[in-house]
Each structure stands twice: as structure tokens, then as C-alpha cells.
Amino acid sequence: MQKEISPQEAQELNKKQRIWFVNYWADFVRNNTDLEWSRQQNVIIDSQLKGVKQLSRELYLKIKRNKHMLS
Amino acid sequence: MSEQTISVRFEDKKTIVLDKEINVLDRFVAEAIKILEKHTSYVIVSGYVSILFARTRATDDVDIIIERISKENLKKMLKEFYDNGYWCLNTDDIENVYDEFLTQDISIRIAKKGCTVPNIEIKFPKNKVDELALTEHLTVKHELGTFFISPLELQISYKNIILGSYKDKEDALHIERVFKGLLNKEKIKYFDVLLNNYAKRN
């Protein structure tokens, strides 16, 4: 039976996994050509931006203002 | 420096050459910069800098600090954006952008007409840190042309100390790791002190 972890433990685990990936990917960038890493990166960037839903100016600015206030 | 072990190449101390495949965001930034740079000096700061160097995330906006140009020059720049199929997200009233936004320390956003994302977020320098980014910028050369970006050491400090979110700290870590051995650690310490003092005062 899988041990249950608390939300705090889950958050800590997630953070560690994210840091691991940042380091792993940065090392990949260092050790491969610009063409190789950029081709992989572009799958994410192009898909996110090409598929984005365009909000109205008003709504977009409202979201950005609220995000700024929350951070 | 042993640049042959890494893909990112320094042509000289302040110039980086990127031989990467271009994406939608790069193309948007390059086209916008072609207009912007005719009217003002600038520096790209924040998220796009780490994305330019391979960070695996997108961004909906690209932060750009411009020099404190005159109202007339700003109007000329905005007119050229509008003439080339862009719009300002904040207002279409080009006449008053200078007085109602930029000089009030409120940034303006420029996107392709009809769209909100991606956009460039333009602001005047607010403090010494912004001025330093402008004057001490690095040059990045790639297929679409030349960009000016914030010094990497300043990016790292700013993201860790002023911004401080998980995403920003990961951006900083990414830059530190990609440019390991090529960054000036004394500069990072200098910026850490500068920004800590700035954060305390504000």
C-alpha cells in the first residue's frame, strides 16, 4: 500500500523534482548544440503560443494587474 | 574560458552568439525590436532572457526597458508600431501614452493587432538597477539579428532577490547552470547587495 504524504511533503517533493529537471536540462544545453536544444525547447514554446486563446485587451490587463497584486 | 565544452558561445566578453532554431516568440521579439530600436536604446530583461538560453517554458510577455525618450519620439515609435500592424493594449490614444503611462511608471504593452499574446511590455528605467541593465547590456546575435539583454549576473540577482517566485528562482538557477564558469561571481555578489538594499528601502 502506497504511503500517503502530506501536502507539505508533496510540495517539497515537487520542488526537488523541478530543481532536478532545471539542472538536468541546463547540463543538456551545455553539452549539446544550440540546434539540438532549441528544437526540443521549441516544441513547448511554439505549441503554447500557437494554441493560446487570445483574451480581450481589458481582460488581459486586468489579469496582469491582479497577478501583480497577488505576487 | 573553455567555451568549446558548452554550446553557448561568447564572441567577446559582452557578445553571445546563438545558433538556435527560431521559434514563434523569437520571431515576434525580433520583428518588434526592429521597430523599437529605430527610436530608442533598449534592454530586454526578465523571463525572455532565460528562455533565449533554453529555459523550457514560454512567456506571454517580454519585458523591455527603454531610455527616457521624449514625448515626440515616443509618439513616432508608437505610430510606426500601429502602421506595421501592432496595437497598444493599454490605449489607442498615442498622444497621451507618455503622460498617462510611461512617465507615471506604468508600463505599456504592444502586441500584434487583434492579439494580446505575446506582447512586449515597455517601461522607462525606474531606478539605478534599470539604468545599469541599459548601460551594461549584453549583445546576443542570432539568425534574426541582434538583441540587447540584461547582464546575466543582474538577471540572476534580480530573479532571486526582487522577484523570488519559484519560477523566477528556477530561471536564475537555469542561467547559472548553463553559464557555469563564465559568470562573474563578484558581480553577482555586488548586485545581491545592491538589490537587497533596494528591497529594504522599498
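Check the entry above for the structure.
Attention in this report is confined to the structure presented alongside it. The numbering scheme is per chain: residues are counted from 1 as the chain's sequence reads. Here the convention is simple: chains get letters from A, ligands get numbers from 1, in the order in which they are written. Residues qualify for local features only when their pLDDT is at least 70, as the model is predicted, and side-chain atom pairs are given and counted only at 80 or more; totals for whole chains, interfaces and linings, by contrast, use all residues. Note that the side-chain values use all heavy atoms of the structure and ignore hydrogens as well as water.

**Some points on the overall build of chain B**
Piece 1. Starting at the N terminus, helices and strands are each numbered in turn, a helix being any DSSP run of H or I of at least four residues and a strand any DSSP run of E of at least two. Looking only at helices and strands, chain B features 8 helices and 9 strands.
Piece 2. Taking 17 Å as the expected radius of gyration for a compact globule of 202 residues, we find that chain B reaches 17 Å, a close match to that expectation.
Piece 3. Its C-alpha atoms put chain B at 50 × 40 × 30 Å along the principal axes.
Piece 4. Relative accessible area decides the class of each residue, using a 1.4 Å probe on protein chains only: under 20% of the type maximum gives buried, over 50% gives exposed, and in between gives partly exposed. Classification of the 202 residues of chain B by burial places 55% in the buried group.
Piece 5. For this analysis, residues touch if any pair of their heavy atoms sits within 4.5 Å. Across chain B, contacts joining residues at least 24 apart in sequence account for 66% of those joining residues at least 6 apart.
Piece 6. Within the structure as shown, chain B displays about 8900 Å² of accessible surface, and the carbon and sulfur contribution to it stands at 48%.
Piece 7. Side chains of chain B give 31 positive and 33 negative charges; the mean places of these two sets differ by 4 Å. Based on C-alpha atoms, the radius of gyration is set beside the globule rule, defined as 2.2 Å times the residue count to the power 0.38. A 1.4 Å probe and the Shrake-Rupley method give the accessible areas. Residues count as covered only by the protein chains that appear here. Charged residues are defined here as Lys and Arg on the positive side and Asp and Glu on the negative side; His and the ends of the chain fall outside this count. By convention, the charge on Lys lies at NZ, on Arg at CZ, on Asp at CG and on Glu at CD.

**Thoughts on the packing of aromatic side chains**
Piece 1. Think of it this way: a Phe, Tyr or Trp ring, Trp meaning its six-membered ring, pairs with another when their centres are within 6.5 Å, and the plane angle makes it stacked under 30 degrees, edge-to-face over 60, tilted otherwise. Overall, the coordinates contain 10 aromatic pairs over all chains when judged by the stated rule.
Piece 2. Seen in terms of ring centroids, Tyr-42 of chain B and Phe-148 of chain B are 5.4 Å apart; in terms of plane orientation they differ by 35 degrees. Their pairing is tilted. Of this pair, Tyr-42 of chain B sits in strand 3 (residues 42–45) while Phe-148 of chain B sits in strand 9 (residues 145–149), and the two are 106 residues apart along the sequence.
Piece 3. Classification of Tyr-42 of chain B as buried rests on a relative accessible area of 1%.
Piece 4. Under the relative-accessibility criterion, Phe-148 of chain B is labelled partly exposed at 26%.
Piece 5. Through a chain of ring-to-ring contacts, three or more aromatic side chains come together here, namely Trp-20, Phe-21 and Tyr-24 of chain A.
Piece 6. By the criterion adopted, a ring carries a charge over it if an Arg CZ or a Lys NZ lies within 6 Å of its centre and within 35 degrees of its normal. Above the ring of Trp-87 of chain B, the side-chain terminus of Arg-57 of chain A is found at 3.9 Å from the ring centroid.

**Details of the nonpolar core**
All names here are of chain B.
Piece 1. Buried residues of nine kinds, namely Ala, Val, Leu, Ile, Met, Phe, Trp, Tyr and Cys, make up a nonpolar core once their side-chain atoms join them within 4.5 Å. Ile-44, Leu-152 and Phe-179 are the most contacted members of the largest nonpolar core, which totals 67 residues.
Piece 2. Residue contributions to this core peak at 8 residues, all from helix 1 (residues 24–36).
Piece 3. If near-sequence neighbours (up to four positions away) are discounted, Ile-44 is found in contact with Val-29, Ile-33, Val-49, Val-62, Asp-63, Ile-64, Phe-147, Phe-148, Ile-149 and Ser-150.
Piece 4. Ile-65, Leu-132, Ala-133 and Phe-191 belong to the second largest nonpolar core, which has 11 residues in total.

**Comments concerning the environment of Leu-89 of chain B**
Piece 1. With respect to the secondary-structure elements, Leu-89 of chain B resides in the loop between strand 5 (86–88) and helix 4 (97–100).
Piece 2. Each C-alpha atom of the pair Leu-89 of chain B and Gly-114 of chain B lies 9.5 Å from the other, and the pair is 25 residues apart in sequence.
Piece 3. Aside from chain neighbours lying at most four places away, what touches Leu-89 of chain B is Arg-57, Tyr-60 and Leu-61 of chain A together with Arg-109, Ala-111, Cys-115, Thr-116 and Asn-119 of chain B.

**Brief notes about the layout of surface pockets**
Here the idea is plain: a probe the size of a water molecule rolls over the atoms and shows the empty space left.
All names here are of chain B.
Piece 1. Cavities and pockets are found on a 1 Å grid laid over the protein atoms alone: a cavity is a set of points where a 1.4 Å probe fits but cannot escape, a pocket is an open set with protein on both sides within 12 Å along at least five of seven lines, and a lining residue has an atom within 4 Å of such a point. Grid points are joined across faces, edges and corners, and a volume is the space filled by probe spheres set on the points. Empty space within the second largest pocket amounts to approximately 250 Å³.
Piece 2. Along the walls of the second largest pocket sit 13 residues, with Lys-13, Leu-138, Glu-153, Leu-182 and Lys-187 positioned nearest its centre.
Piece 3. Looking at the lining of the second largest pocket residue by residue, the class counts come to 7 nonpolar, 1 polar and 5 charged. Think of it as three bins: nonpolar holds Ala, Val, Leu, Ile, Met, Phe, Trp, Tyr, Cys and Pro, charged holds Asp, Glu, Lys and Arg, and polar takes everything else, Gly as well.

**Here's the deal with the interface of chain B and chain A**
Piece 1. Counting residues at the interface gives 43 residues for chain B and 35 residues for chain A.
Piece 2. Taken together, the two surfaces of chain B and chain A that pack against each other cover about 3500 Å², and 56% of this comes from carbon and sulfur.
Piece 3. Contact with chain A buries area across many residues of chain B, yet Glu-21, Thr-56 and Arg-177 of chain B alone supply 18% of it, more than any other trio.
Piece 4. In the sections that follow, a salt bridge refers to a side-chain nitrogen of Lys or Arg positioned within 4 Å of a carboxyl oxygen of Asp or Glu. The interface formed by chain B and chain A contains 6 salt bridges.
Piece 5. With a shortest N-O distance of 3.4 Å, Lys-64 of chain A and Asp-61 of chain B are connected by a salt bridge. Values labelled buried area give the accessible surface lost by two parts on being combined, using a 1.4 Å probe and summing over both.

**Brief notes about the packing of helix 6 (residues 152–163) of chain B against helix 7 (residues 166–178) of chain B**
Residues and elements named next belong to chain B.
Piece 1. Two elements in contact, helix 6 and helix 7, have axes separated by 8 Å at closest approach and are oriented at 155 degrees. Taken together, helix 6 and helix 7 sit at an angle that is classed as roughly antiparallel. Like other packed secondary-structure pairs, helix 6 and helix 7 cross with a definite hand, here left-handed. Here Leu-152, Gln-155, Ile-156, Lys-159, Asn-160 and Leu-163 of helix 6 lie close against helix 7, whose contacting residues are Asp-168, Lys-169, Asp-171, Ala-172, Ile-175 and Glu-176.
Piece 2. The residue makeup of the contact of helix 6 with helix 7, split by class, is 5 nonpolar, 2 polar and 5 charged. To obtain each axis, a line is fitted to C-alpha atoms, and for helices this fit is confined to the stretch in contact; angles are then taken between N-to-C directions over 0 to 180 degrees. Angular relationships are summarised with four words: roughly parallel below 35 degrees, roughly antiparallel beyond 145, roughly perpendicular across 65 to 115, and oblique for the angles in between. The hand of a helix crossing depends on one turn: near helix anticlockwise from the far one by less than a right angle means left-handed, and clockwise means right-handed.

**Some words on helix 8 (residues 185–201) of chain B**
All names here are of chain B.
Piece 1. Under the convention used throughout, the expected extent of a helix is 1.5 Å for every residue step, that is, one less than its residue count. With 17 residues, helix 8 extends 24 Å between its outermost C-alpha atoms, agreeing within 8% with the 24 Å of an ideal straight helix rising 1.5 Å per residue.
Piece 2. Listed as buried for helix 8 are Ile-188, Phe-191, Leu-194 and Leu-195. Buried residues along helix 8 cover an arc of 130 degrees about the axis, so they all sit on one side. Among the exposed residues of helix 8, those oriented more than 90 degrees off its buried face are Lys-185, Glu-186, Lys-189, Val-193, Lys-200 and Arg-201.
Piece 3. The elements touched by buried residues of helix 8 are helix 5 (128–135) and helix 6.
Piece 4. Here a polar contact is recorded for every N or O atom pair within 3.5 Å, except that within protein the pair must consist of a potential hydrogen donor and a potential acceptor, and residues adjacent in sequence are included only if both atoms are side-chain atoms. The opening residue of helix 8, the one whose side-chain oxygen lies 3.0 Å from the backbone nitrogen of Glu-186, is Asn-184. When we speak of the arc, we mean the arc of directions from the helix axis to the C-beta atoms.

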